[in-house]
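Chain and residue survey
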Amino acid sequence: MLWFMLVLAGLFETGWAVGLKYTHGFTRLWPSVGTVAAMVASFLLLAHAMKTLPVGTAYAVWTGIGTAGAFIAGVFLFGETVSLPRLLFLAMILVGIAGLKGFS
């Protein structure tokens, strides 16, 4: 259950990272409210998961999900470029996270 919460926290992190783009510097009310709500949910879920999971592993998984999610959202929502080097570096992040989880 804690791993599920951690994954959910990472998805909320992706949501607030993408949401920041829509807030236009927190000048738009509803995107700002949604972004802050996603931030709070993400941090609360992360904090709960960290009660038992190792801090380094939990934080790495959380940020990794956010990183991968923001990358994917950037490609599909904002037309950001996909190149082999960018995909390779993203893969290295994900392999590192899998390694941390596997050896924790």
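Everything quoted here is computed from the prediction, not taken from an experiment.

**Points about a nonpolar patch on the surface**
Taken together, the side chains of L20, F26, V36, V40 and L44 make up a nonpolar region of the molecular surface, amounting to roughly 430 Å² of accessible area. Ranked by residue count, the leading element in the nonpolar patch is helix 2 (residues 29–49), at three residues. Inspection of the secondary structure assignment puts L44 in helix 2. Residue class for L44 comes out exposed when judged on its relative accessible area of 57%.

**Some points on the packing of helix 1 (residues 2–23) against helix 3 (residues 55–78)**
The geometry of helix 1 relative to helix 3 is characterised by a closest axis approach of 8 Å and an angle of 40° between their N-to-C directions. In terms of their interaxial angle, helix 1 and helix 3 are classed as oblique. In the crossing of helix 1 with helix 3, the sense of the turn from one axis to the other is right-handed. Counted together, W3, L6, V7, A9, G10, L11, E13, T14, V18, K21 and Y22 of helix 1 and T57, A58, V61, W62, T63, I65, G66, G69, A70, A73, L77 and F78 of helix 3 form the full contact between these two elements. For the contact of helix 1 with helix 3, the class distribution of residues is 15 nonpolar, six polar and two charged.

**Brief notes about the UniProt feature "transmembrane region" (unreviewed entry) in the chain**
Under the UniProt annotation, "transmembrane region" (unreviewed entry) lies at residues 27–47, 59–78 and 84–103. Overall, residues 59–78 shows 100% helix and 0% strand. The separation of its end C-alpha atoms is 27 Å. A helix fraction of 95% and a strand fraction of 0% characterise residues 84–103, whose end C-alpha atoms lie 28 Å from each other.

Cut-offs applied
Residues numbered from 1 in each chain as written. Predicted model: local features only at pLDDT ≥ 70, side-chain atom pairs only at ≥ 80, totals over all residues. Heavy atoms only, no water. Patch = residues over 30% accessible without salt bridge, like charges linked within 9 Å, V, L, I, M, F, W, Y side chains within 5 Å. Areas by Shrake-Rupley, 256 points an atom, 1.4 Å probe, with all protein chains shown as cover. Salt bridge = Lys/Arg side-chain N within 4 Å of Asp/Glu carboxyl O. Helix = DSSP H or I, 4+ residues; strand = E, 2+ residues; numbered from the N terminus. Buried < 20%, exposed > 50% of the residue type's maximum accessible area, 1.4 Å probe, protein only. Axes fitted to C-alpha atoms, helices over the stretch in contact; angles between N-to-C directions. Parallel < 35°, antiparallel > 145°, perpendicular 65-115°, else oblique. Left-handed = near helix turned anticlockwise from the far one by under 90°. Contact = heavy atoms within 4.5 Å. Nonpolar A, V, L, I, M, F, W, Y, C, P; charged D, E, K, R; others polar. UniProt positions renumbered as here; feature names shortened; annotations may be inferred.

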